[in-house]
Every structure is written in structure tokens, then in C-alpha cells.
Amino acid sequence: MQEGALVDRLTNSAIDYATNYVQFASLAVEYNLRLLGLETRDERGALATETAVVISILVAVAVAAGAVFFARAQRNARAIPSEPNLPASG
């Protein structure tokens, strides 16, 4: 596999992960708001404006946190030496 194809594959994987993370976070927030007794949808099934604002803020925070974690993981992975420093024998 060529390096460019690997980078594209990893980038697509990261985008898929972020998309899934945002969808899960949105669902989790909506579920917990409903547990608290807050209506998240009106009688027509449309998302209430206030709920949409709260969810969008929380999702933005979650995406930002995910980006920070992802960047730190990449930085830590790059810090791993490619060849181990073995002690000298003898």
C-alpha cells in the first residue's frame, strides 16, 4: 500500500470516527434530557429550538474534546521510537 493511500484511509477512518462520535453524543444528550423530563421534540416530532441549541453546544464540546484526544494520541504515537534502545551486551 502506498503512503498516500494509507493517509487517505486513516483520514477517512478519523472522519468516520468523528461522525459516529457526534451522532452518539447527540443521541445520548437527547436521551438524558428526556430522562430529566424535558421534551426534546414538539407535537409534530420536530426538534425544539432550545433543545437543538443545547445539543449543538454539547456536541461541539464533545467534538473539541475528541479532537484534543486524537491529537494527543497522534503526538504520543509519533514519540515512540522506531528502533528500541537496547542495552549494550557484555
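Look above for the structure.
One structure accompanies this document, and this report is about it. (Residues numbered from 1 in each chain as written. Predicted model: local features only at pLDDT ≥ 70, side-chain atom pairs only at ≥ 80, totals over all residues. Heavy atoms only, no water.)

Counting secondary structure elements, the chain contains two helices and zero strands. Summed over its atoms, the accessible surface of the chain is roughly 7600 Å², and 61% of this surface lies on carbon and sulfur atoms. (Helix = DSSP H or I, 4+ residues; strand = E, 2+ residues; numbered from the N terminus. Areas by Shrake-Rupley, 256 points an atom, 1.4 Å probe, with all protein chains shown as cover.)

Attention shifts here to a nonpolar patch on the surface. A grouping of Val53, Ile57 and Val61 is seen on the molecular surface, where their side chains present a nonpolar patch of about 260 Å² in accessible area. For Ile57, the position within the fold is in helix H2 (residues 49–78). (Patch = residues over 30% accessible without salt bridge, like charges linked within 9 Å, V, L, I, M, F, W, Y side chains within 5 Å. Salt bridge = Lys/Arg side-chain N within 4 Å of Asp/Glu carboxyl O.)

Membership of the largest hydrophobic core is limited to six residues, which are Ala25, Val29, Leu33, Ile55, Val59 and Ala62. At the level of elements, helix H1 (3–35) and H2 are the ones that each hand at least two residues to this core. (Core = buried A, V, L, I, M, F, W, Y, C linked by side-chain atoms within 4.5 Å. Buried < 20%, exposed > 50% of the residue type's maximum accessible area, 1.4 Å probe, protein only.)

Its 30 residues place the ends of H2 43 Å apart at the C-alpha level, agreeing with the 44 Å of an ideal helix rising 1.5 Å per residue. Residues of H2 that are buried: Thr51, Ile55, Val59 and Ala62. (Expected span 1.5 Å × (residues − 1).)

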